[in-house]
Amino acid sequence: MPESELDRLPRQADSPGGVEAGGPDARAVFAARLTALFAAAREATVKSVIRAANTRLRPGCTPITAQRISDWRRGNRTPAAFESVLPVLEVLIREVSARPPDARLDASLLDLKRWRADWQAARTTTESPVNRGRTPYHGLGSCRPEEADLFFGRKDALQRLWDLIIAAESGPDPALVVLCGARGLGKSSLLSAGLLGNPGPRAPIRVTPHDDLEAALEAAPHGHRLLVVDRVERLFSKGTPEETQRFLERLTELAAPRAEPRTTVVISCDSAYLTELTRQPALAATLRKPTMLLEPMTAAELREVITRPAAAVGLKVEDSLVEVLLHDLAVFDPHSPIRLPMLSYVLSQTWVHRTGSTLTLDAYRESGGVEGAFAKGCELIWDRLDERDRVATRHVLVALTFIGPTAAQRDRISPDLLIQESEDPAATAAVIAWLTRAQFLVRRKDRIELVHDLMLTAWPRMTEWLSEEREFAALRPRIEADAREWSRQGRPPRLLYRRARLDDAMAWLRRTGTPNRPAREFLSEAMARHRRRLLRRRLLQVVIAVLVAIAVVLAVALFVARASTTEERRGASVSEQTASGDQLSMPVARTATPALSSRP
């Protein structure tokens, strides 16, 4: 080994136990020793080492690449697992051992136990300060206003939105701006963390169409207000035309140039509902002006989303992880509703499995990757549930959705109502609490909802449940609403379903097995009443049939009796006629006989 390479090794490397765990030079020692081992192998090129090492790779380990080896040798990264670097060490030690002995060679370079100790020390090396109590990635939830310092990748879009807002505020028309975009492109995060996180001199307010708008306005500070109305498409999927018109007219009133207090309104809408939006008279003036269409993130913006939140809390991201993430995301259409949410979720899972203060490629693989991370996480949770909790989980998750005109959508429901209407309130309450802690549900004041639309499409089990629901579309919400009204009015029989409606409802019940207690009781009572009606009808039919049979028998008997009487009368008449004939013929005979006897 050249002396220059030996001189690079810190003196701690000479100690038989390796470097001190967590010491400031632990990573540098590991990197220098690896460089020295490569130098000792001399003619072994990096390509040949990679080729040989990958044949020794343990199952589940990420393939060795030139970039990874370069990072290890320069001290930029430490292998996430010792099994990741072990094949490289085995190949190099074999190459060095096959050469003639060199007295200057540090024998510890050929000792795998020593390598493991040095790797462990390097893994615990103290790095830059890390806020370990803060998650840099928000998973499936929208980025909140207080997380504005972790919001990256939308600098240009945010600037465009502010330009539209400033133009609207200075114009003669209502200060109302429309942000459109496909589902899953990050509209909520842009409005929440981007806009409301830095509203300037405006008081920020955020609502959705079914929140109490007036209460939110009253609770806001005085002065110029910035009112963000997220997911306006809910007006068209759940509200009536009258409710939609009143709500939009109220927004226009608030945004009027001379309204007091001054209010700037920004609304977001799924582009799939843009046609319905253009049909609203209240927005005619606004839609004549430029509106903002949010486009998918570029590769450069995605790179910011991956690296900069981690850097903001003192973490590092392996270069190889960035490249693999971008490569894996390329299989999704840029407008796919699950592309960005899937990236955010898998980054949060990679953070959970991180190595020290570094997000590694191995941690990413362990999370399941872009395509499998979310489904894997959902299935892990599902596998932990017993049968009782699984029934309650399905009830909660499906109840928090509704089938819209174009796709399934999230709904908001009071957890107390879900618990009250469940056949197993204790299990339902426990499941709601657990799903909320696991961040699959999010609480919005006194209601809860699914954390993201990704839950509707990326978990195969949930997709299957919704497919069963889709067959009946709006039937479930109608049945549950009718059941609540029936219960509220004291369960009057007149509100129970009959005939065709009952048949459809029972088909839904048999197909889904809903655990909604009021709905089951409602349909059970309707079915019992229907059966009683059928029984009464059948009894009536039997009675009628018996009476008809009796009537027929009586009619036949009467007919026979009448026929017999007629025959008897006819026979009597004939007898009388015969008797009369005999009586008439007897005197003639008597007078004729003497005459005949007098003849000679």
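Our subject is the structure listed above.
Residues numbered from 1 in each chain as written. Predicted model: local features only at pLDDT ≥ 70, side-chain atom pairs only at ≥ 80, totals over all residues. Heavy atoms only, no water.

*Asks:* Describe the nonpolar core, listing the residues and the values that go with them.
*Replies:* Residues Leu 325, Leu 343, Phe 374, Leu 397 and Leu 441 are the most contacted members of the largest nonpolar core, which totals 63 residues. Broken down by element, this core gets its largest block of residues, seven residues, from helix α16 (residues 339–352). The contacts of Leu 325, once residues within four sequence positions are left out, are Ile 306, Leu 343, Val 346, Leu 347, Tyr 364 and Val 370. Listed in part, the 30 residues of the second largest apolar core include Ala 53, Phe 82, Leu 92 and Ala 122. (Core = buried A, V, L, I, M, F, W, Y, C linked by side-chain atoms within 4.5 Å. Buried < 20%, exposed > 50% of the residue type's maximum accessible area, 1.4 Å probe, protein only. Helix = DSSP H or I, 4+ residues; strand = E, 2+ residues; numbered from the N terminus. Contact = heavy atoms within 4.5 Å.)

*Asks:* Summarise the pairing of strand β3 (residues 225–229); cite the residues concerned and give the values.
*Replies:* Among the five residues that make up β3, five are buried, leaving the element largely enclosed by the rest of the structure. Burial of the side chains of β3 extends over both faces: Arg 225, Leu 227 and Val 229 are buried on one face and Leu 226 and Val 228 on the other. Inspection of the sheet shows strand β2 (residues 203–207) paired to β3 by five bridges, in the parallel sense. Its bridge partner lying in β3, Val 207 is registered against Val 229. Of the crossover connections in this fold, the one passing from β2 over helix α9 (residues 213–219) to the parallel β3 is right-handed. Note: β3 against strand β4 (residues 263–270), five bridges, orientation parallel. Bridged to Arg 225 within β4 is Thr 263. (Pairing = 2+ DSSP bridges. Right-handed = clockwise from strand over helix to strand, strands pointing away.)

*Asks:* Can you explain the pairing of strand β10 (residues 441–444)? Please cite residues and give values.
*Replies:* Regular strands place their side chains on alternate faces of the sheet. Direction of pairing for β10 relative to strand β11 (residues 447–450): antiparallel, over a ladder of four bridges. Bridge pairing in β11 places Arg 444 opposite Arg 447. Linkage of β10 to β11, two consecutive antiparallel strands, is achieved through a turn of two residues, within which Lys 445 is found at a positive phi near 60 degrees.

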